[in-house]
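For reference, the chains in residue letters:
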Amino acid sequence: MRLLLIDNSNTRTKFTLSSADALGDWSAVIPTCDISESSLASTLASCDWDASLISSVVPAKAAVLEQFLAGKPCHSLSHRSRLPIGIDYPSPQQIGADRLANAAAAHVMFGSPAIVLDFGTAVTFDVLGLDDAQQPVYQGGVIAPGLASMTEGLARRTALLPHIELEEPTQAIGKSTEQAMLAGAVFGYRGLVREIIQQIQAELPGEANIIATGGDATLITRGLPEIHQHCPQLTLEGLRLIANLNL
Ligand SMILES: Nc1ncnc2c1ncn2[C@@H]1O[C@H](COP(=O)(O)OP(=O)(O)O)[C@@H](O)[C@H]1O
Ligand SMILES: CC(C)(COP(=O)(O)O)[C@@H](O)C(=O)NCCC(=O)O
Ligand SMILES: [K+]
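Residues numbered from 1 in each chain as written. Chains lettered and ligands numbered in written order. Predicted model: local features only at pLDDT ≥ 70, side-chain atom pairs only at ≥ 80, totals over all residues. Heavy atoms only, no water.

The protein chain is annotated in an unreviewed UniProt entry as Type III pantothenate kinase from Oceaniferula flava. Turning to the protein chain, the UniProt annotation filed under Subunit (unreviewed entry) states: "Homodimer." (UniProt positions renumbered as here; feature names shortened; annotations may be inferred.)

Here the UniProt feature "binding site: K(+)" (unreviewed entry) sits at Asp118. As for its position among the elements, Asp118 is in strand 7 (residues 114-119). Aside from chain neighbours lying at most four places away, what touches Asp118 is Asn102, Val123, Thr124, Thr213, Gly214 and Thr235. At 2.9 Å, the side chain of Asp118 forms a polar contact with the side chain of Asn102. (Helix = DSSP H or I, 4+ residues; strand = E, 2+ residues; numbered from the N terminus. Contact = heavy atoms within 4.5 Å. Polar contact = N/O pair within 3.5 Å; in protein donor to acceptor, adjacent residues only side chain to side chain.)

What follows deals with the pairing of strand 4 (residues 51-56). With six of its six residues buried, strand 4 lies for the most part within the structure. One ladder, built from three bridges, connects strand 4 with strand 5 (residues 74-76); its direction is parallel. When the sheet's bridge partners are listed, Leu53 is paired in strand 5 with His75. In this fold, the crossover linking strand 4 to strand 5 by way of helix 2 (residues 59-68) has right-handed handedness. (Buried < 20%, exposed > 50% of the residue type's maximum accessible area, 1.4 Å probe, protein only. Pairing = 2+ DSSP bridges. Right-handed = clockwise from strand over helix to strand, strands pointing away.)

This paragraph deals with the sheet that holds strand 7. Taken in spatial order, the six strands of this open sheet run 6-9-8-7-10-11, and their pairing is mixed. On the outer flanks of this sheet lie strand 6 (86-87) and strand 11 (229-230), each paired with one strand and no other. Two elements, strand 7 and strand 10 (residues 209-213), share five bridges in a ladder whose sense is parallel. Residue pairing for strand 10: Ile115 is matched across the bridge by Ile210. Against the sheet, helix 3 (residues 97-110) makes contact with strand 6, strand 7, strand 8 (122-130), strand 9 (136-145), strand 10 and strand 11, and its axis sits at roughly 130° relative to strand 9, the strand it touches most. Sheet strands touched by helix 5 (residues 177-203): strand 7, strand 8, strand 9 and strand 10. Its angle to strand 8, the strand with the most contacts, is close to 20°. (Axes fitted to C-alpha atoms, helices over the stretch in contact; angles between N-to-C directions.)

This is the structure:
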C-alpha cells in the first residue's frame, strides 16, 4: 500500500510517501501558515497514494488537509487510533497527535522506558514507561516554549533586541547584543532541557532511552550528551507505524 503521511505541526507541515515497511524517498515541507487547497495541489501534483494518515495539532489546517484528501481513505491520528503503546492519562484527548506519533516510534524503534524530546514550535518531552506486564504506556510529559518561539518572543516584546539567527554561540560572555542573545538562547535552552530531563528521570523508574527530534534538535543536542539518539524522521516513522495499524 502506498501511504501519504502528513505531520501538520505549528511551524512546518511535513509530507512523505511511504510503504508499510519504510519511508520513501519523496518528501516535502510547506510552512503551516501556507497550507491551502492550492499549495497542497501544487506540492502533491506528482504524488500518488492509496491512503493517507494525518497527524495535526492545527485544527484549522487539519480541516483543509482532510477536505483535500477526502477522495481516498484518510485517517486522522488521535488518542482513539490503534497504537503500539497504551495511554495512562486522565484526558487523553488533550494529547497532541505529534506527541503520540513520537512516543509510538520511540517505543518501536528504541524501546521503553523512553523520553522523547521534540524541538519544534514548542519543545515537548514525552515519557514512555512500562506497566506491570512490562507493556509500554504513555505517561505524559512536559511542554515548554520552542527555541525560536522563545527568541522571537523576546524580540517582539523588546524595543532594542533583534531577531537572531540560531547557531552555536562562540562564547558565553557575549560582546554584542546578538552574541548575548545567542548565548542566552542556546546555553539557556540546553540548561532548560538538562533540568527537565533530570526531573523526569527522578520520577521514571529504570534507565530511559532519551531520543531527540524536531527542527532545532541538531543545534541543541550538540551540547547535550545526555541525549542518546537524534532521529530527525521520528514523527514520520511514528505515522508509518500507526498507519499500519489503522489503514
Ligand atoms: N528549514 C527550516 N525551516 C524552518 N525552520 C527550521 C528549519 N530548519 C530548522 N528549523 C528550526 O526548526 C523550528 C521548526 O521545527 P519543526 O520541528 O518543524 O516545528 P514544528 O514541528 O513545531 O512545526 C524552527 O522554529 C527553526 O528554529
Ligand atoms: C505541544 C504542541 C504544540 C507541540 O506541537 P509543535 O511544537 O510540534 O507544533 C502540540 O503537541 C499540541 O498542540 N498539543 C496539544 C496539547 C497537549 O499536548 O497537551
Ligand atoms: K513537531
